[in-house]
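Each chain, written out:
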Amino acid sequence: MPVTRSTGLLALGGIAVAALLTVIGHLEVNDDLNPWTLTISDFAVSDRGGVIDVAMVVLALATVALMCGLRRTGRAVDLLLGAWVAGLLLAAVVPTNEPGAAMTASAYVHRYASVVAFLALPIGGWLLARRPDLTPTARTLRTLVVLSLALSAAMVWSAYPGDRLLIGLAERLLILTEVAVLATVATTQVRRSPVDHGAVVPDKRGATPQNGHHKSMIDEDEGLLQLVEH
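In short, a report on the structure.

Quick notes on the rules
Residues numbered from 1 in each chain as written. Predicted model: local features only at pLDDT ≥ 70, side-chain atom pairs only at ≥ 80, totals over all residues. Heavy atoms only, no water. Helix = DSSP H or I, 4+ residues; strand = E, 2+ residues; numbered from the N terminus. Contact = heavy atoms within 4.5 Å. Areas by Shrake-Rupley, 256 points an atom, 1.4 Å probe, with all protein chains shown as cover. Phe/Tyr/Trp six-rings, centres within 6.5 Å; stacked < 30°, edge-to-face > 60°. Lys NZ or Arg CZ within 6 Å of the ring centre and 35° of its normal. Core = buried A, V, L, I, M, F, W, Y, C linked by side-chain atoms within 4.5 Å. Buried < 20%, exposed > 50% of the residue type's maximum accessible area, 1.4 Å probe, protein only. Expected span 1.5 Å × (residues − 1). Arc of directions from axis to C-beta. Axes fitted to C-alpha atoms, helices over the stretch in contact; angles between N-to-C directions. Left-handed = near helix turned anticlockwise from the far one by under 90°. Nonpolar A, V, L, I, M, F, W, Y, C, P; charged D, E, K, R; others polar. Salt bridge = Lys/Arg side-chain N within 4 Å of Asp/Glu carboxyl O.

1. So, the overall build of the protein chain
Along its length, the protein chain carries eight helices and zero strands. Reading the protein chain from its N end, one meets helices and strands in the order α-α-α-α-α-α-α-α. Nonlocal contacts in the protein chain, meaning residues at least 24 apart in sequence, comprise 70% of its contacts between residues at least 6 apart. Here the protein chain displays about 13400 Å² of accessible surface, and carbon together with sulfur accounts for 66% of that area.

2. Comments concerning the packing of aromatic side chains
For any pair of aromatic rings, the description consists of the separation of the ring centres together with the inter-plane angle of the planes. Under the counting rule described, the total for this entry stands at one aromatic pair. Between tyrosine 108 and tyrosine 112, the aromatic rings sit 6.4 Å apart at their centres with planes inclined by 10°, giving stacked as the arrangement. Here tyrosine 108 pairs with tyrosine 112, and both are found in helix α5 (residues 105–128), just four residues apart, close to one helical turn. A cation over a ring is seen here: arginine 142 above tryptophan 126, with NZ or CZ 5.5 Å from the ring centre.

3. Some points on the nonpolar core
Membership of the largest hydrophobic core comes to 36 residues, with the highest contact counts inside it found for Leu59, Trp84, Leu128, Leu182 and Val185. For this core, the elements supplying multiple residues, two or more each, are α1 (3–27), α3 (51–70), α4 (75–93), α5, α6 (138–159) and α7 (167–191). Filtering out sequence-adjacent residues up to four positions away, leucine 182 remains in contact with Ile15, Leu59, Thr63, Leu66, Trp84 and Leu121. Membership of the second largest hydrophobic core comes to seven residues, among which are Val29, Leu33, Leu38 and Ala44.

4. A word on α6
In this model α6 runs 31 Å from its N-terminal to its C-terminal C-alpha over 22 residues, within 8% of the 32 Å that 1.5 Å per residue would give. If you check which residues of α6 are buried, you get Ala138, Leu141, Leu144, Val145, Ser148, Leu151, Ser152, Met155 and Ser158. Buried residues of α6, viewed axially, fall in a sector of 160°; they line one side. Contacts from the buried residues of α6 go to α5 and α7.

5. Observations regarding the packing of α5 against α7
Relative to each other, α5 and α7 sit at 35°, their axes nearing to 10 Å. The two elements α5 and α7 meet at a crossing, and its hand is left-handed. Where α5 abuts α7, its residues Ala117, Phe118, Leu121, Pro122, Gly125 and Leu128 lie against Glu171, Leu174, Ile175, Glu178, Val181, Leu182 and Val185. The residue makeup of the contact of α5 with α7, split by class, is ten nonpolar, one polar and two charged.

6. Regarding the environment of threonine 135
Checked against the element boundaries, threonine 135 lands in the loop between α5 and α6. Taking the C-alpha atoms as reference points, threonine 135 and threonine 188, separated by 53 residues in sequence, lie 9.7 Å from one another.

7. Remarks on the pattern of salt bridges
For the structure on display, the rule yields two salt bridges. For aspartate 42, the salt bridge identified is with arginine 164, shortest N-O distance 3.5 Å. Separated by 122 residues along the polypeptide, aspartate 42 in helix α2 (residues 40–45) and arginine 164 in the loop between α6 and α7 bring together distant segments of the chain. When its relative accessible area of 34% is taken as the criterion, arginine 164 is described as partly exposed.

8. Considerations on unusual backbone geometry
Phi angles above zero are rare outside glycine, and arginine 164 is one such case at about 60°. If you check the backbone angles, leucine 166 has positive phi at about 50° while not being a glycine. With respect to the helices and strands, the residue leucine 166 is situated in the loop between α6 and α7.

Shown next, in the form of structure tokens:
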């Protein structure tokens, strides 16, 4: 199996596992938490080291697999996707504060790691849409990127002048959209047809080229025929 297909499958598998763990993390929380007004991080901090933290790590590893399959992405895309991975890992390791509690140093680290990740991925997705191998999904990628940036702006508004109005909903839609960017790229890798290096390709005159052994035998036969004719 070509590298791009195998890494695409790994990425899709990781995305699916991360999504499942996130859902489980929401269902198993015992506190009376509202997903519309509280962020995923608020749910995660109530279950430190739980499945939501593991889900962020799995999603980061899925992105690494995707990057390995892309190859030659360019320095800018590597840095942006690397920032997304680093932001996810840092947010998983460094907790935010309990809902309603004063912001601590670790909470600020968690917040800005998340901000960097949320901004880096859509910009990287926009640059990836320029790749020739992603041309079939370029419009989808750009649409998802624009939607991600709009949802990021909604989160910023909610976090400051909006008094956290529906910030949980905005964040979940944002994460869903950004994960869709990764899934779109991974799906393209999986669907990409492997190159058959043993295929016979006709030349410009419509003749089927032969391998070196057959060609030498034909040349010898033509030489013998010319000797007989002379």
